[in-house]
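# Structure at a glance
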Amino acid sequence: MTDIFERMLASGIIPDDDPQLPRLWEAVARTIKLSAALNTSTDIDQIRDRLSEITGTSIDKSTIAFVPFHTNFGQHIKLGRNVFINHACSFLDLGGITIEDDVQIGPRVSLITENHPLDPSNRKSLDLKSILIKRNAWIGTGAIILPGVTIGENAVVAAGAVVNKDVPANTIVGGIPAKIIKTIE
């Protein structure tokens, strides 16, 4: 059996009776404690340091995040350089979230890599798929990016959009579900 954290990043189902689930819940409990300190931070450097502790990687000095910031795990978040994350974002990252360089994320954006199977007998299992936000994308206020989605380079997600399919590079999408509004020239 491979490590649960490796399987989480590989996408797919993590059964609710997986013998390694206690390790995941221990990591989640750690993140809950660290998040309390993160969300009482009083300056950008302190936020960056505490977010680095949650993710387990050093976040570049060019990247800025505002609090409150919410994550249930944190160790599967990868942030590029010159990223901006506005207030009250929620990153559920069990399946992996990668944000490339120069990305802007508006307030109250949710990045969700976690779902559950539709079969009622299996509903408490986790169905994980990663999210990738490519270079120079802009995610508008209150947008929700669902599991398995890639946002293309230079793409714009309009405020309030719910994105359930990949967004091509150099396009603007909006609505519920998000649809292409126009191409960026």
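Quick summary incoming for the structure in this document. (Residues numbered from 1 in each chain as written. Predicted model: local features only at pLDDT ≥ 70, side-chain atom pairs only at ≥ 80, totals over all residues. Heavy atoms only, no water.)

Attention now goes to the overall build of the protein chain. Looking only at helices and strands, the protein chain features three helices and 19 strands. Taken over the C-alpha trace, the protein chain has a radius of gyration of 16 Å; the compact-globule value for 185 residues is 16 Å, and the two agree within 12%. Along the first, second and third principal axes, the C-alpha atoms of the protein chain reach 50 × 40 × 25 Å. Buried residues in the protein chain amount to 45% of all 185 residues. For the protein chain, contacts bridging at least 24 residues in sequence account for 26% of all contacts bridging at least 6. A total of about 9,200 Å² of accessible surface is found on the protein chain, and carbon and sulfur atoms cover 55% of it. Here the protein chain contributes 18 positively and 21 negatively charged side chains, and the mean placements of these two sets differ by 4 Å. (Helix = DSSP H or I, 4+ residues; strand = E, 2+ residues; numbered from the N terminus. Rg over C-alpha atoms; globule rule 2.2 N^0.38 Å. Buried < 20%, exposed > 50% of the residue type's maximum accessible area, 1.4 Å probe, protein only. Contact = heavy atoms within 4.5 Å. Areas by Shrake-Rupley, 256 points an atom, 1.4 Å probe, with all protein chains shown as cover. Lys, Arg positive; Asp, Glu negative; His and termini not counted. Charge placed at Lys NZ, Arg CZ, Asp CG, Glu CD.)

Pairing is parallel across the open sheet formed by five strands, whose spatial order is 3-6-9-14-17. Here the strands that pair on one side only, and so sit at the sheet edges, are strand 3 (69-71) and strand 17 (162-163). In the sheet, strand 14 (residues 144-145) pairs with strand 17 via two bridges, with the strands oriented parallel. Paired with Ile-145 across the bridge in strand 17 is Val-163. (Pairing = 2+ DSSP bridges.)

Right, let's talk about the nonpolar core for a bit. One recurring pattern in soluble globular proteins is that nonpolar side chains are buried together. By size, the foremost hydrophobic cluster in this structure holds 36 residues, and its most contacted members are Phe-91, Ile-99, Ile-151 and Val-163. Looking at this core, the elements with two or more residues in it are helix 2 (21-38), helix 3 (44-55), strand 4 (77-79), strand 6 (89-92), strand 7 (97-99) and strand 12 (131-133). Sorting elements by how many residues they give to this core places helix 3 first, with three residues. Every residue in contact with Val-163, bar those within four places of it in the chain, is listed here: Ile-144, Ile-145, Leu-146, Val-149, Ile-151, Val-157, Val-173 and Ala-178. Judged by nonpolar contacts, the second largest core, of twelve residues, contains Phe-5, Met-8, Phe-73 and Leu-128. (Core = buried A, V, L, I, M, F, W, Y, C linked by side-chain atoms within 4.5 Å.)

For side chains of opposite charge, pairing can occur when their charged atoms come near one another. As enumerated under the stated definition, the model contains six salt bridges in all. Measuring nitrogen to oxygen at the nearest pair gives 3.3 Å for the salt bridge that ties Lys-129 to Asp-127. A salt bridge links Glu-153 to Arg-135; the nearest nitrogen and oxygen atoms lie 2.7 Å apart. One end of the pair, Glu-153, is in the loop between strand 15 (150-151) and strand 16 (156-157); the other, Arg-135, is in the loop between strand 12 and strand 13 (138-139), and 18 residues separate them in sequence. Assessed through its relative accessible area of 32%, Glu-153 is described here as partly exposed. (Salt bridge = Lys/Arg side-chain N within 4 Å of Asp/Glu carboxyl O.)

Moving on, we get to the packing of aromatic side chains. According to the stated counting rule, one finds three aromatic pairs in the structure shown. Each ring, one from Phe-66 and one from Phe-84, has its centre 5.1 Å from the other, and the planes form 90°; the classification is edge-to-face. With Phe-66 in the loop between strand 2 (64-65) and strand 3 and Phe-84 in strand 5 (residues 84-85), the pair connects residues that are 18 residues apart, well separated along the chain. The class for Phe-66 is partly exposed, based on a relative accessible area of 24%. Geometrically, the ring pair formed by Phe-69 and Phe-91 is edge-to-face, given 4.9 Å between the ring centres and 75° between the ring planes. One end of the pair, Phe-69, is in strand 3; the other, Phe-91, is in strand 6, with 22 residues separating them in the sequence. Per residue, the accessibility class of Phe-69 equals that of Phe-91, and both read buried. (Phe/Tyr/Trp six-rings, centres within 6.5 Å; stacked < 30°, edge-to-face > 60°.)

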